[in-house]
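Remarks on the overall topology
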Amino acid sequence: MTEDFTESLELSREFDIVAEIEKALDDIEKSFELLETDDVPEKIAYLKFLIRDLDDLFSGENEPLRYRKFTLKRSK
């Protein structure tokens, strides 16, 4: 059985940069907690502090700067 790749699907997605970074850091933090790495949580806490600062900067009239669009193309 062969697949027909003549059809393609194009999806457009918008995402919040700050929220994506926070989620990734949370996932990393959970992973490192399992390994009991001592200094990593401090570094992650500092990164979260910086993200909160970015969150403040990207509010109000600057909120549109938080979002990026990308297009995902997939052939069927």
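Residues numbered from 1 in each chain as written. Predicted model: local features only at pLDDT ≥ 70, side-chain atom pairs only at ≥ 80, totals over all residues. Heavy atoms only, no water.

1. Details of the nonpolar core
- Counting five residues, the largest nonpolar core consists of V18, L25, V40, I44 and I51.
- For this core, the secondary structure elements donating two or more residues are helix 1 (17-35) and helix 2 (40-57).
- Once residues lying within four places of it in the same chain are set aside, the contact partners of V18 are I51, L54, D55, F58 and R66. (Core = buried A, V, L, I, M, F, W, Y, C linked by side-chain atoms within 4.5 Å. Buried < 20%, exposed > 50% of the residue type's maximum accessible area, 1.4 Å probe, protein only. Helix = DSSP H or I, 4+ residues; strand = E, 2+ residues; numbered from the N terminus. Contact = heavy atoms within 4.5 Å.)

2. Considerations on the pattern of salt bridges
- Per the counting criterion, the structure on display carries four salt bridges.
- Among the salt bridges present, the one from R66 reaches D16, with a minimum N-O distance of 2.8 Å. With R66 in the loop between helix 2 and strand 2 (67-75) and D16 in strand 1 (residues 8-16), this residue pair connects regions lying 50 residues apart in the sequence. Each member of the pair, R66 as well as D16, carries the same accessibility label: buried.
- One salt-bridge network, in which partners are shared between bridges, spans D16, D55 and R66. (Salt bridge = Lys/Arg side-chain N within 4 Å of Asp/Glu carboxyl O.)

3. What to know about the packing of aromatic side chains
- Overall, the coordinates contain one aromatic pair when judged by the stated rule.
- Judged by centre distance (6.3 Å) and plane angle (25°), the ring pair of Y46 and F49 falls under stacked. Placement of the pair is Y46 and F49 together in helix 2, with a separation of three residues, close to one helical turn.
- For F49, a relative accessible area of 47% puts it in the partly exposed group. (Phe/Tyr/Trp six-rings, centres within 6.5 Å; stacked < 30°, edge-to-face > 60°.)

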